[in-house]
Amino acid sequence: MADNCSSVEIVEGCRLPVLRKNQEHEDEWPLAEILSLKEVSGRKLFYVHYIDFNKRLDEWVTADRLDMKKLQFPKKEAKTPTKNGLSGSRPSSPEREVPVRKTLDLNLQSATAPSRGKTLPTPKRKEVVPLVTPVPPATPVPALPSSTETSQAAVFPVVREPPTFKAREDLEPLPTVTTNGTARRLIPPQPGRKRKANCGGSDEMIKVLQYNKPQSAGVFLPPPEDSQDSSDGIPTAPRMTGSLVSDRSHDDIVTRMKNIECIELGRHRLKPWYFSPYPQELTTLPILYLCEFCLKYLKSLKCLQRHLTKCNLRHPPGNEIYRKGTISFFEIDGRKNKNYSQNLCLLAKCFLDHKTLYYDTDPFLFYVMTEYDSKGFHIVGYFSKEKESTEDYNVACILTLPPYQRRGYGKLLIEFSYELSKVEGKTGTPEKPLSDLGLLSYRSYWSQTILEILMDLKPDNGERPQITINEISEITSVKKEDVISTLQYLNLINYYKGQYILTLSEEIVDGHEKAMQKRHLRIDPKCLHFTPKDWSKRGKW
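Residues numbered from 1 in each chain as written. Predicted model: local features only at pLDDT ≥ 70, side-chain atom pairs only at ≥ 80, totals over all residues. Heavy atoms only, no water.

1. Observations concerning the layout of surface pockets
What counts is decided by this rule: Put plainly, a pocket is an open set of points on a 1 Å grid over the protein atoms alone with protein on both sides within 12 Å along at least five of seven lines, a cavity is a set where a 1.4 Å probe fits but cannot get out, and a lining residue has an atom within 4 Å of a point. Grid points are joined across faces, edges and corners, and a volume is the space filled by probe spheres set on the points. Helical segments are the DSSP runs of H or I of at least four residues, strand segments are the runs of E of at least two, and each set is numbered from the N terminus. Ten residue types, Ala, Val, Leu, Ile, Met, Phe, Trp, Tyr, Cys and Pro, are classed as nonpolar, four, Asp, Glu, Lys and Arg, as charged, and the remainder, Gly among them, as polar. The start and end points of each domain follow an automatic or database-based domain assignment.
Roughly 680 Å³ of internal volume is contained in the second largest pocket. Lining the second largest pocket are 26 residues, and of these Y47, W60, K258, N259 and I260 lie nearest its centre. Only β4 (31-40) and β6 (59-62) provide two or more residues apiece to the lining of the second largest pocket. A per-element tally of the lining of the second largest pocket places β4 first, with 3 residues. Here the residues of the lining of the second largest pocket sort into 13 nonpolar, 5 polar and 8 charged. Inspection of the lining of the second largest pocket shows a minimum of three residues originating in each of domain 1 (14-70) and domain 2 (258-527).

If you want it as structure tokens, here you go:
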């Protein structure tokens, strides 16, 4: 496909289809942007970002994987000025296609919109689009009845009547972080029914029902399009004030590219997904070596072996606050263990693209999960949190290292963060925006935790069980907004005959039971030895 590579010069910012294998190992030609070029042993290599794909799939490709027939050049314009007066290095958006042959595929014209992280040209000024699209808002729940309108909540027996409506087909998990909203059809309100437009108090009783299929009486209000917060205090847009949210103000072509080829950490070799600001002289090495106990980075295997003879650590520094079986958690103060915390942030940045890197780790606590064997405590993952959070955040960054992913450790980290919130007597929520994998993990955890509570409800004096949103939040320490968005995502909460009901279908119950059978790793609160500190007293920092 690269026959015209010699006649047409490819520059940074060009777009064209690039050959890659999909998950089924089939060939596909997604549109990609050229971010950089280099020549190795007389062979040209191109660093490409696949448009509308996650950046962790970016890679160096050879010229034979490029479809030169559909090459698009970037628009020629003045480069973006930066704060130091130098022109920016980010290429502009493509505008036209190169007339390489007469028979061009004009269907790609619609695919020339700039990708995320591009500078959009305008006549007078330029607007920078963040690499991570802000998470859309959760749909606010309709008005809950006031205390005077509260009726007795009930659990109806399973109905065996044939359903008179179609089952939902839109409950598939959403694949990217840009879809934090609820993906379901909106059922129009029934004519003649009066209901409040604003959400009432979430401490009102809600009926819990069980049916074979979801009922057709659910009514949902669409979210406000332009408002930042709804009238009931439920945010309709993600808060971007979190301590580790990256504003992308310093993003350029360098930080858009992976700079570390491979990392050796203990018995694992990891291929980084994203840029991490390790020292420049280490980025040219084929392998970067890390001590798996203190996370110090070294340039060669010999240096690592010499370091291991001096390093006395066999576990993360700090206090071990949890141990059950081979799983342990260590609490690390970012002020007392600054070097370790900074090295941990550098490692985590290789796999987290949506967070900025903080060298000032003093305001943070790091909770590192390890797996124990005869050689020591090996890092599996971690999460960090602010010592003082005005936004009720109980997680700033959270990461399970790639060798341990898809084994239940992610949910274990999330569960542990909420166990700490329970001890602190608070409700918590993770910093937004979440990554695509983080969003899936949190949605799964919230769903399983809330369904576990609903299915354990017992009738009281022969009456059907009842529960409030606030009670669910207090039991789980999950913030009220996250409880409501999860109920809506699962399509459980409905407005039926003048009151709110939670509908549990057999499909949801069966799916929950199967998921819980696979969830073997759980946090045992009895094994947690944790005393929260009052960080408002600055002397304790």
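2. Considering the confidence of the model for the protein chain
Put simply, the test is: Values of pLDDT, which run from 0 to 100, indicate the predictor's confidence residue by residue. In what follows, a contact means two residues having at least one pair of non-hydrogen atoms within 4.5 Å.
Scored by pLDDT, the protein chain has a mean of 74; 65% of the residues are at 70 or more. Note that residues 246-250 has pLDDT below 50 and, in this model, 10 contacts with residues that lie over four places away or in other chains.

3. Observations concerning the packing of helix α5 (residues 469-476) against helix α6 (residues 480-489)
Applicable threshold: What counts as an axis is a line fitted to C-alpha atoms, over the stretch in contact for a helix, and the angles between N-to-C directions run from 0 to 180 degrees. Should an angle fall under 35 degrees it is called roughly parallel, over 145 degrees roughly antiparallel, and 65 to 115 degrees roughly perpendicular, with every other angle called oblique. In this scheme the handedness of a crossing depends on how the near helix is turned from the far one: anticlockwise by less than a right angle means left-handed, clockwise means right-handed.
Between α5 and α6, whose axes approach to 9 Å, the crossing angle comes to 115°. Judged on the interaxial angle alone, α6 and α5 are roughly perpendicular. For the crossing formed where α5 meets α6, the hand is right-handed. Judged by residue contacts, I469, N470, I472 and S473 of α5 engage K480, V483, I484 and L487 from α6.

4. Describing the pattern of salt bridges
Operational definition: One speaks of a salt bridge when a side-chain nitrogen belonging to Lys or Arg is within 4 Å of a carboxyl oxygen belonging to Asp or Glu. Relative accessibility under 20% of the residue-type maximum defines a buried residue, over 50% an exposed one, and the middle range a partly exposed one, all with a 1.4 Å probe and only protein chains included.
With the rule as written, the count across this model stands at 19 salt bridges. K271 is the salt-bridge partner of E261, the closest N and O atoms lying 3.9 Å from each other. Placement of E261 in the loop between β11 (206-211) and β12 (263-265) and of K271 in the loop between β13 (268-270) and β14 (288-290) is noted, with a sequence separation of 10 residues between them. Residue classification places K271 among the exposed residues on the basis of a relative accessible area of 54%. Notably, a salt bridge pairs K422 with E419, separated by 3.3 Å at the nearest N-O pair. Within this pair, K422 and its partner E419 are both found in helix α3 (residues 409-424), separated by 3 residues, close to a single helical turn. By relative accessible area, K422 is classed as partly exposed at 37%. Assessed through its relative accessible area of 9%, E419 is described here as buried. Through salt bridges with shared partners, a single network forms among E415, E452, R519 and R522.

5. Regarding the sheet that holds strand β15 (residues 297-298)
Just so we agree on the cut-off: In this description, strands pair whenever DSSP reports at least two bridges between them.
Read across the sheet, 4 strands follow the order β13-β12-β14-β15 without closing on themselves; strand pairing throughout is mixed. Whereas interior strands pair on both sides, the edge strands pair on one side only; in this sheet they are β13 and β15. One ladder, built from 2 bridges, connects β14 with β15; its direction is antiparallel. Of the residues in β15, the one forming a bridge with L290 is Y297.

6. Some points on the nonpolar core
The condition is simple: We call a set of buried Ala, Val, Leu, Ile, Met, Phe, Trp, Tyr and Cys residues a nonpolar core when their side-chain atoms join them within 4.5 Å.
Counting residues in each nonpolar core, the largest one holds 82 residues, and the members touching the most others are F329, L347, Y382, F416, L454 and L487. The dominant element in this core, judged by the number of residues it contributes, is helix α4 (residues 436-455), at 8 residues. Excluding anything up to four places from it in sequence, L454 contacts I467, I472, L487, L492, L502 and L504.

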